[in-house]
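Residue-level listing of the chains:
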Amino acid sequence: MRQLASHVEEFAAEGGDGAEGSPRHGHTGPDPSAPSDLSDDLSNPSERDAAGAGPDSRLVGRAGWLLVVCGLVLLPWLYVLATGLPDTASAAHRPVTWVGLDALEAAGLIATGVLAARGDRRHSLAATTTATLLVIDAWFDTTTAAAGSDLAAAATMALCAELPLAALCAWLAVRAMGQRV
């Protein structure tokens, strides 16, 4: 906690957002000589709970780990795309395009999940980006799929995986924006 307080003070001193507790409001932050009621390291979930992190933060942590698992599951899919997409499509580098998009999604899911599981509020940035990528992927998958089984598979992936994960990421981002530092 002391480390977080010092980073907040540094941010405010460099012209941060003028939030309460910054030097602009005449308050320089916590007294370094004052004893801290909280542990310096709240990375352990039981320590977070003891410090006042309630069931809602545990839900965010679980959602974070779910995103990590989904991102890791997406990694083998990249190989399937790289080796299975036809090169005869009208786009010259179609496999590279889809592999790149899904690689970004995997990285976003993993980053969002790790940050959320650790209780790091920066997960909202990764969650927003990841939600956007997932919606874009669902859109392009369904709009570029050929009629028939390809369209059915694209719609199934969009409705059962991409859009629900995008909604989860959006929920995490909105929830984090509503919290105070």
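Coordinates for the structure precede this section.
### Regarding the packing of helix H3 (residues 55-84) against helix H6 (residues 149-177)
Line of reasoning, step 1. For the pair H3 and H6, interaxial distance at closest approach is 11 Å and the crossing angle is 140°. In this view, H3 runs oblique relative to H6, as classed from their interaxial angle. When you trace H3 past H6, the crossing you get is left-handed. The residues of H6 that touch H3, namely those facing Asp56, Ser57, Leu59, Val60, Ala63, Leu66, Leu67 and Cys70, are Leu165, Leu168, Cys169, Trp171, Leu172 and Arg175.
Line of reasoning, step 2. Taken together, the residues that form the contact of H3 with H6 break down as eleven nonpolar, one polar and two charged.

### What to know about helix H4 (residues 94-117)
Line of reasoning, step 1. Look at H4: 34 Å from first C-alpha to last across 24 residues, which is about the 34 Å you get at 1.5 Å a residue.
Line of reasoning, step 2. Note on H4: the residue one or two positions beyond its end, Gly119, has a positive phi of about 80°.

### Some thoughts on the pattern of salt bridges
It is possible for side chains of opposite charge to pair when their charged atoms get near one another.
Line of reasoning, step 1. With the rule as written, the count across this model stands at one salt bridge.
Line of reasoning, step 2. With a shortest N-O distance of 2.5 Å, Arg122 and Asp120 are connected by a salt bridge.

### A few points about the side chain of Ser124
Line of reasoning, step 1. With respect to the element layout, Ser124 can be found in helix H5 (residues 123-144).
Line of reasoning, step 2. What Ser124 contacts, discounting residues up to four positions off in sequence, is Ala173 and Ala176.

### A closer look at the nonpolar core
Line of reasoning, step 1. Counting residues in each nonpolar core, the largest one holds 16 residues, and the members touching the most others are Leu67, Leu109, Ala127, Leu134, Leu165, Cys169 and Leu172.
Line of reasoning, step 2. Contributions of two or more residues to this core are made by H3, H4, H5 and H6.
Line of reasoning, step 3. For this core, the element with the most residues is H6, which contributes six residues.
Line of reasoning, step 4. With residues up to four places along the chain from it excluded, the contact list for Leu134 reads Glu105, Leu109, Glu162, Leu165 and Ala166.
Line of reasoning, step 5. Formed by six residues, the second largest nonpolar core is a distinct cluster that contains Trp98, Val99, Leu101 and Leu133.

About the criteria used
- Residues numbered from 1 in each chain as written.
- Predicted model: local features only at pLDDT ≥ 70, side-chain atom pairs only at ≥ 80, totals over all residues.
- Heavy atoms only, no water.
- Axes fitted to C-alpha atoms, helices over the stretch in contact; angles between N-to-C directions.
- Helix = DSSP H or I, 4+ residues; strand = E, 2+ residues; numbered from the N terminus.
- Parallel < 35°, antiparallel > 145°, perpendicular 65-115°, else oblique.
- Left-handed = near helix turned anticlockwise from the far one by under 90°.
- Contact = heavy atoms within 4.5 Å.
- Nonpolar A, V, L, I, M, F, W, Y, C, P; charged D, E, K, R; others polar.
- Expected span 1.5 Å × (residues − 1).
- Salt bridge = Lys/Arg side-chain N within 4 Å of Asp/Glu carboxyl O.
- Core = buried A, V, L, I, M, F, W, Y, C linked by side-chain atoms within 4.5 Å.
- Buried < 20%, exposed > 50% of the residue type's maximum accessible area, 1.4 Å probe, protein only.

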